[in-house]
Structures are given as structure tokens and as C-alpha cells.
Amino acid sequence: NDYTQALNCKDDGVTKNHDIYCNLAISYAHQEKSDLAMKNINEAILLAPDEGYYYFVRGSIYWVMNKDANACQDYSKAGELGHYDAYKEIQEKCK
């Protein structure tokens, strides 16, 4: 499909664009396809492990999957990496 064809894009000729994986993850999450969402966000994190927003997205996917401890751990990591919106999620969900 069009989403997976987008993965053929290269951002430096070698590394696949991690943003595309994140966008795919978000798209799959909106379609309630949590397994595919998780697969893609994990790939984004593998390619860009210092991107706090990706941990926030993965935390949200974990939350939908009822994996609260994993979600809270990722929200915390997202905050540590500078995605400060994650702290609101921690306050609301991780008590």
C-alpha cells in the first residue's frame, strides 16, 4: 500500500527515515492496529533513540493495549528526552 511504499524513501541514502515509521505508527494506532503501530514505532526508536516524542507515542500505544507499566515507563523516558507533554500523561495516568 501507499504507506509501506513510503518506507522506500531514504533521508541520507543509507538510513530509512525514522519520521515515516513514526507517522505509520500513529496511522495504525488510529486504525486500532496496535501490533502494527508498535512494530513501526519500535523501528523509529531504533533509528532515533534520542527522540522523546517517539517514546511518548509508544507510551500511548502501550496505554491503549492496557500495558500501563510500559506506558508510564515510556512517558517518563519521553519527558527525560525533552518531550515535556509526557509529564501531563504521567500525572493523569501513572499514579
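Up top is the structure.
So, a few notes on the structure that sits alongside this text. For clarity, every value in this text was computed on a predicted model and none was experimentally measured. Every residue gets a number counted from 1 within its own chain, in the order that chain's sequence is written. Totals for whole chains, interfaces and linings use every residue, but because this is a predicted model, local features are given only for residues with pLDDT of at least 70 and side-chain atom pairs only at 80 or more, for both listing and counting. Note: side-chain values were computed over all heavy atoms of the structure, leaving out hydrogens and water.

Attention shifts here to the packing of helix α4 (residues 52-64) against helix α5 (residues 68-80). To define axes, lines are fitted to C-alpha atoms, for helices over the stretch in contact only, and angles between the resulting N-to-C directions are given on a 0 to 180 degree scale. The numbering of helices and of strands both runs from the N terminus, where a helix is a DSSP run of H or I of at least 4 residues and a strand a run of E of at least 2. Where α4 contacts α5, the two axes come as close as 8 Å, and the packing angle between them is 165°. As judged from the angle between their axes, α4 and α5 are roughly antiparallel. In terms of crossing hand, the pair formed by α4 and α5 is left-handed. Contacts from Gly52, Tyr55, Phe56, Arg58, Gly59, Ser60, Tyr62 and Trp63 of α4 reach α5 at Asp68, Asn70, Ala71, Asp74, Tyr75, Lys77 and Ala78. Residues are grouped as follows: Ala, Val, Leu, Ile, Met, Phe, Trp, Tyr, Cys and Pro are nonpolar; Asp, Glu, Lys and Arg are charged; every other residue, Gly included, is polar. Partitioned by chemical class, the residues of the contact of α4 with α5 number seven nonpolar, four polar and four charged. Every angle not falling under 35 degrees, over 145, or within 65 to 115 is termed oblique; those three ranges are roughly parallel, roughly antiparallel and roughly perpendicular. In a left-handed crossing the near helix is turned counterclockwise from the far helix by less than a right angle, and in a right-handed crossing that turn is clockwise. Here a residue-residue contact requires only that any non-hydrogen atoms of the pair lie within 4.5 Å.

Once that is clear, we can look at α4. Here α4 contains 13 residues, and its C-alpha end-to-end distance of 19 Å stays within 8% of the 18 Å for a straight helix at 1.5 Å per residue. Accessibility here uses a 1.4 Å probe with only protein chains present; expressed as a share of the type maximum, an area under 20% marks a residue as buried, one over 50% as exposed, and anything in between as partly exposed. Turning to α4, its buried residues number three or more, namely Gly52, Tyr54, Tyr55, Phe56, Val57, Arg58, Gly59, Ile61 and Tyr62. Looking at the buried side of α4, the elements it contacts are α2 (18-30), α3 (34-47), α5 and α6 (85-93). Phi for Asn66, located one or two positions after α4, is positive at around 60°. Helix span is expected to be 1.5 Å times the residue number reduced by one.

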